[in-house]
Amino acid sequence: MNKKILKRFDSLRLEGEKARSNVIRPGSTIIQVGSATCENAAGAREIREEFRKHIASSGRADIVLHDVGCTGRCSLEPIVGILRPGERPVKYQQVSREGVHRIFTDHVLHGQPVAELILDGTQKSGSRYEILFCRGERCGNLAARGLQARLRERLEQRGVGADVVAVQGVNFADMCVGESKFQGGHFLVRPGNHLYRVASDADLERFIDEHLLADRPVQELIVQEQPIGQNFFELYGDISFFNRQSRIALRNSGIIDPTSLPEYLNAGGFHSLARVLAAGDPDGVIAELSASKLRGRGGGGFPTGSKWQMARKEPGGEKYIICNADEGDPGAFMDRSMLEGDPFSVVEGMIIGGFAIGASRGFFYVRAEYPLAIERIENALAACRKHGLLGEDILGSGFSFDLEIRLGAGAFVCGEETALIHSIEGERGQPRIRPPYPSQSGLWGKPTVINNVETFANVPVILEHGAEWFRHIGSDKSGGTKVFALAGKVNHTGLVEVPIGTTLREIIMEIGGGCPKGKRFKAVQTGGPAGGCIPATHADLAVDYDTLTAMGTIMGSGGMIVMDEDDCMVDIAKFFMKFSADESCGKCTPCREGSKRMLEILERITAGEGREDDIAKLERLGLLMKRTSLCGLGRAAANPVLSTLRHYREEYAAHITEHRCPAKRCAALVRYSILADKCVGCTACARNCPANCIAGAAKKPHAIDPERCIKCGRCFRVCRFGAVERN
Amino acid sequence: METIQLEIDGKKVEAERGTTLLQAARKAGIEIPTLCHDDRLAPFGACRLCLVEIDRGGRKRLVASCAYEVEDGLVVKTVTEKIVKIRRMIVELLLAEATTGPLEVLAEKYGLKGSRFKGDEPACFLCGLCVRYCAEVKKKDITCFIGRGIGREVAFPSDLARSACPLCRECLPLCPSGAWYSLYLKGYEGMPEEAGPRPGA
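Structural notes on the side chain of H647(A)
All names here are of chain A. When you line up the elements, H647 lands in helix 24 (residues 639-647). Under the relative-accessibility criterion, H647 is labelled buried at 17%. Beyond its immediate chain neighbours, meaning those up to four positions away, H647 contacts C533, P535, H538 and M551.

Now the structure itself:
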């Protein structure tokens, strides 16, 4: 163990702490504003400016504006957090300029939270304390559930009411660090952010007597080390969307200022790197990663430890490490959010990777459509270079390593690793045959490791808390968590990070809140455009790389698009096939010609011109693509069609033989007409018809001219009398 | 050079380490169909006609024989029912795009009388021989692929590139679809006189 390196790191951390406390003085009120692309698009920049003006005119030096990344609660952005010293943090949703004024005057200045703007309507109870009690569902610790029930009982017996305390059941797999055998319970008490560990009824009594009734935290029962999820739970633990998640890869997103190295250091950042460099044992790093069962988060699911090992054992000379941030799946934004919310953890993971495989240079391959992510990475790299965390002789260890950014020009296929390498080399972005694998011969013919953003973000915490802790969180075959981008017909769209092995039902129905307007959840499409659809009947599937593959879909990079009863599966398959046909590089025959022909057939079917043998043809073409395409993109591109053929064959058949779209989605197969006995002649349909094809006098039944109808469905939606019929 | 023993279609075959399955098979007199392969060029693996089945300890996989290097003790099958079906399908897909030359021969071999898919007009099927020959053998890079997916085509990247063409015409006979000759001439249409020499008839 090289003590000099650790000492140097400690002085860097102290320096950071000083720099941070100069910005945020103890006792300040902090106003947190999200500053990722999504937040900015929702108006966060204007909000920030408005707060700045309010702070300036109030003349208060103890109110600080704090930029953070995004939390992943997309549909309710911009989100603002108010942290008054000694009080529970309050988050506000969809804050507008008027909202800023109210929040500032009522809450920031006078301590009265603005109830109707509070995120998800939480914190309506006026209790002094709030307890977030872990149910132990993630680790199967059943004792926790019993203790929680007994705590509630005891509070009732003692007459401690809702004015004093509110208890909420949550799941935080990342809190009881490495204590799988502990039979007891953990809970977090706010304000104060005390994490308790209790094992018996006597502990509960003591907690009630001393902490709740006498305001004296019981030091002996409080966990001293700070688990990585604690900061997140202190801020967001009261919100049901967040408190079932386990934020490990996203541990700092929405909490720290992504542009500030001191804040990252303060959150425990670069400690792993310092320890790794001090230990000077690359094989130890790889062994730890292998033991953690971390698998590639970009979609392939290849064990990261093995990948690094392969590159490490290649004979010396130059090697490279690449971060694949060419996120192109429709509806996926995990990588962007991570790079915008916490770029330093990805950088740290890459430096550790470089050290482990013996590389001296690395590349960020980021799509050019992510300007803010690029800006944040650039800023992070500059800060790291300035403080000796990148460049020559990192932290005095003798290890030299530097990172550069390369921009992707918007080709989806460049997310495929061999195409990505071509793109960096300046060649046409098209895949090549493997083997040789990039870990043997990659960028410029040198051994190269390519990992996804999320994979790198996990590396520092695995080394910090140990492989066993990480493995314990996930399933038997893969450790840790996975971040999903929940989108489509779901109430709470956003980023969801849950332990691998969590069921689809929990992700979609409980965290996601189910489908809007009470519609029936029909299916979910996972893994981006090349993933398959899983029907709602399989909602209890535990999400893992292998279980998804068995269902005919893929983990992919974590896209999850929810569909409800109004979605036509043939139409969905057509949408994704169109995407794949457009984004195929066109190099190999099966992918180029196969996707073109499959798209032709799907267009024919949705237009009501399907032929008897079309299903068989789709299946044959799909299998051809799957078996014979050159790269992973082509091999997976038929998944949306093959999986819907497997689970929704009758929908295809209805289109072809009955010329009927069961979901009433395919315009060519839908007819609109007006029921004369229900129509009151209000003229709403006629006024809204963009094709002017509805005729009829006021107060007389109207009629649609089917020849001119463009089937936009507007009349169906605007009719308040149920007179427009769709079939 | 180290010699390796492997089995192709039940035949014991010797091959030098570093050579491909296709080379080993052809040396042993076993024919594997190809459209995008040329011995002078690096393996491209795009047409997928040369797929063969390899068996390594009971794990069967389809690989492109033009790029897969020989391995000791590997058991290779170049013709199975599955492979024939795949080749037939690939030829049928390509047949919708072009009908000339080697494709006709392959169509006959796999018993195809035309394609069930409708093509626009006989066109290039993007084997890339012309592009790669110019780049790898002539080191000129006069032509390139542009576009992607079904929009991919062979073209001159610029007037400058076109005017640098040495007019060796060695790319013309390489084309299995017969589309390159007309594309090549078309590429010179509208090129100003002073931009350089142009190919004769």
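Let's pick the thread back up.
Some thoughts on the sheet that holds strand 2 (residues 11-16) of chain B
Residues and elements named next belong to chain B. Pairing is mixed across the open sheet formed by 5 strands, whose spatial order is 2-1-5-3-4. The open sheet is flanked by strand 2 and strand 4 (59-64), the only strands paired with a single partner. Each strand axis lies, on average, 35° off the axis of its neighbour in the sheet, ignoring direction. Bridge count between strand 3 (residues 51-56) and strand 5 (residues 75-77): 3 bridges; the pairing is antiparallel. Its bridge partner being in strand 5, I54 is matched across the sheet by V76. The sheet contacts of helix 2 (residues 81-95) involve strand 3, strand 4 and strand 5, and relative to strand 3 the element is tilted by about 155°.

Brief notes about the sheet that holds strand 15 (residues 521-526) of chain A
Residue and element names in this part refer to chain A. Here we have 5 strands laid out as an open sheet, ordered 14-13-17-15-16, and mixed in their pairing. The open sheet has two edge strands, strand 14 (494-499) and strand 16 (533-535), and neither has a second partner. Neighbour to neighbour, the strand axes of the sheet diverge by 30° on average, direction disregarded.

Describing the environment of G187(B)
Residues and elements named next belong to chain B. For G187, the position within the fold is in the segment after helix 6 (180-186). On a C-alpha basis, the gap between G187 and A155 in space is 7.6 Å, while along the polypeptide they are 32 residues apart. Apart from residues lying up to four places away in sequence, G187 is in contact with F156 and R162.

Comments concerning the packing of helix 10 (residues 282-292) of chain A against helix 13 (residues 343-357) of chain A
Residues and elements named next belong to chain A. At their nearest, the axes of helix 10 and helix 13 sit 8 Å apart, and the two run at 120° to each other. Every pair of crossing elements has a handedness; the one defined by helix 10 and helix 13 is left-handed. Where helix 10 approaches helix 13, its residues P282, V285 and I286 are matched on the opposing element by I352, F355 and A356. Residues of the contact of helix 10 with helix 13, tallied by class, amount to 6 nonpolar, no polar and no charged.

Section: the interface of chain A and chain B
Note on interface size: it is often stated as the accessible area lost on association of the parts. Every contact between the two is made by 29 residues of chain A and, on the other side, 31 residues of chain B. Applying the counting criterion to the chain A and chain B interface returns 3 salt bridges. The residue K596(A) makes a salt bridge to E97(B) at a minimum N-O spacing of 2.8 Å. At the boundary of chain A with chain B, the tally comes to 17 residue pairs in polar contact (both at pLDDT 80 or more). Of all the elements in the fold, those that place two or more residues in the side of chain A that touches chain B are helix 20 (569-583), helix 21 (589-606) and helix 22 (614-628) of chain A. Looking at the side of chain A that touches chain B residue by residue, the class counts come to 10 nonpolar, 8 polar and 11 charged.

Let's talk about the domain arrangement of chain A
All names here are of chain A. With domains assigned, chain A is organised as domain 1 (3-121), domain 2 (129-238), domain 3 (269-472), domain 4 (474-564), domain 5 (569-657) and domain 6 (671-726). Taking only C-alpha atoms, the centre of domain 1 and the centre of domain 3 are 31 Å apart. Counting from both sides, the interface comprises 15 residues of domain 1 and, opposite them, 19 residues of domain 3. A combined buried area of about 1,400 Å² lies between domain 1 and domain 3, and 67% of that area is made up of carbon and sulfur atoms. Applying the counting criterion to the domain 1 and domain 3 interface returns 0 salt bridges. There are 2 residue pairs in polar contact (both at pLDDT 80 or more) connecting domain 1 and domain 3. Taken together, the elements giving at least two residues each to the side of domain 1 that touches domain 3 come down to helix 1 (3-23) and helix 2 (37-41). Here the side of domain 1 that touches domain 3 takes 7 residues from helix 1, the largest share from any one element. A breakdown of the residues in the side of domain 1 that touches domain 3 according to their chemical character gives 8 nonpolar, 4 polar and 3 charged.

Examining the pattern of salt bridges
Residues and elements named next belong to chain A. For the structure shown, the criterion picks out 54 salt bridges over all chains. Across the pair E506 and R244 runs a salt bridge, and its minimum N-O distance is 3.1 Å. Residue E506 is found in helix 18 (residues 504-511), and its partner R244 is found in the loop between helix 7 (230-236) and helix 8 (261-266); the two are separated by 262 residues along the sequence. The buried category is assigned to E506, whose relative accessible area is 11%. One salt bridge connects E600 with R597, and the closest N-O pair in it is separated by 2.8 Å. Taken together, the residues E600 and R597, both in helix 21 and 3 residues apart, mark about one turn of the helix. For R597, a relative accessible area of 0% corresponds to the buried category. Because the salt bridges share partners, they merge into one network encompassing R150, R154, R158, D201, E205 and D209.

Here is what the cut-offs are and how they apply
Residues numbered from 1 in each chain as written. Chains lettered and ligands numbered in written order. Predicted model: local features only at pLDDT ≥ 70, side-chain atom pairs only at ≥ 80, totals over all residues. Heavy atoms only, no water. Helix = DSSP H or I, 4+ residues; strand = E, 2+ residues; numbered from the N terminus. Buried < 20%, exposed > 50% of the residue type's maximum accessible area, 1.4 Å probe, protein only. Contact = heavy atoms within 4.5 Å. Pairing = 2+ DSSP bridges. Axes fitted to C-alpha atoms, helices over the stretch in contact; angles between N-to-C directions. Left-handed = near helix turned anticlockwise from the far one by under 90°. Nonpolar A, V, L, I, M, F, W, Y, C, P; charged D, E, K, R; others polar. Salt bridge = Lys/Arg side-chain N within 4 Å of Asp/Glu carboxyl O. Polar contact = N/O pair within 3.5 Å; in protein donor to acceptor, adjacent residues only side chain to side chain. Domains from an automatic or database assignment. Buried area = accessible area lost by both parts, 1.4 Å probe.

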